[in-house]
Amino acid sequence: TFEGKSQGVNIPHFLKITWAGGKLGAKKSEQERADLGGRASSEGVGVARPHVCLSEYFIQQYGIRYRKPAELPEAKCEEINFAKLAINYSENLKKDVITTAFKRMVSAIGEAIREGKEVEISFGVGRLFGRRQHATFLMESQYLPDGVSMKSASTSHPFRFNSRAAEPRDSPAAPRRNFTRLTRLRAPG
């Protein structure tokens, strides 16, 4: 949830993390929402589940193959506000610097996936994986509702297959362990 408000977050031109399905469209009392942490209950229509979607812009800009999740009713999302980030988490950074650094990080992530590098980036609630121009996002297991059968980032990796053993190491199809480190980006100035 975004800042404890029981809603999702939309990171412009990159991805959206929210809850979808279940009774999200149904009206609930304030107490019910507080008890359920903003998610639908497992009674009735179904359980809301984590919903992560890369933006269409990001997918097209970097030629990434990504299987979009089904269209379901979503929890309300708040767009990242770079001015708030600058004020709340820094004493000397300005909105423009944070916006520029963010755009450079997103660009570096997109370029790494487009170039076929193996990428794994933790967002706290889940991880973005990229390999050979494919991308997927898996939530951490503690954010998956009980009774929902989904892969989690803590128990599986979307691109690790048993077929690896069948590929010779020097084969062009053999996966290379060249993780991209995105920690070296610097703010301009």
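The following paragraphs examine the structure supplied in this document. (Residues numbered from 1 in each chain as written. Predicted model: local features only at pLDDT ≥ 70, side-chain atom pairs only at ≥ 80, totals over all residues. Heavy atoms only, no water.)

**Digging into the nonpolar core**
- Membership of the largest hydrophobic core comes to 30 residues, with the highest contact counts inside it found for Phe 14, Leu 54 and Phe 58.
- Residue assignment for this core shows that the elements contributing at least two residues are β1 (8-11), β2 (15-20), β3 (49-54), α2 (56-62), α3 (82-89), α4 (95-114), β5 (119-122) and β7 (134-139).
- No other element matches the six residues that α4 contributes to this core.
- Residues contacting Leu 54, with those up to four places away along its chain left out, are Phe 14, Leu 15, Ile 59, Tyr 66, Leu 128 and Ala 135. (Core = buried A, V, L, I, M, F, W, Y, C linked by side-chain atoms within 4.5 Å. Buried < 20%, exposed > 50% of the residue type's maximum accessible area, 1.4 Å probe, protein only. Helix = DSSP H or I, 4+ residues; strand = E, 2+ residues; numbered from the N terminus. Contact = heavy atoms within 4.5 Å.)

**Quick word on the packing of aromatic side chains**
- As enumerated under the stated definition, the model contains five aromatic pairs in all.
- Ring geometry for Phe 14 against Phe 58: centres 5.0 Å apart, planes inclined by 75°, an arrangement best described as edge-to-face. Taken together, the residues span a long stretch of sequence, with Phe 14 in the loop between β1 and β2 and Phe 58 in helix α2 at a distance of 44 residues.
- Centre to centre, the rings of Phe 58 and Tyr 62 are 5.3 Å apart; their planes meet at 55°, and the pair counts as tilted. In this pair, Phe 58 and Tyr 62 both sit in helix α2, four residues apart, roughly one turn of the helix.
- These aromatic residues form a ring-pair network of at least three members: Phe 14, Phe 58, Tyr 62, Phe 123 and Phe 137. (Phe/Tyr/Trp six-rings, centres within 6.5 Å; stacked < 30°, edge-to-face > 60°.)

**Quick look at the environment of His 134**
- When you line up the elements, His 134 lands in strand β7.
- Overall, the relative accessible area of 33% leaves His 134 in the partly exposed class.
- Spatially, the C-alpha atoms of His 134 and Arg 114 are 8.2 Å apart, while their sequence positions differ by 20 residues.

**Here we look at the sheet that holds strand β6 (residues 126-131)**
- Taken in spatial order, the three strands line up as β5-β6-β7 in an open sheet, and their pairing is antiparallel. The open sheet has two edge strands, β5 and β7, and neither has a second partner. Between one strand axis and the next, the sheet turns through 15° on average, direction left out of account.
- The pairing of β5 with β6 spans four bridges and is classified as antiparallel. Pairing of Ser 122 across the sheet is with Arg 127, part of β6.
- Here α4 sits on the sheet and contacts β5, β6 and β7; the angle it forms with β5, its principal contact strand, is near 150°. (Pairing = 2+ DSSP bridges. Axes fitted to C-alpha atoms, helices over the stretch in contact; angles between N-to-C directions.)

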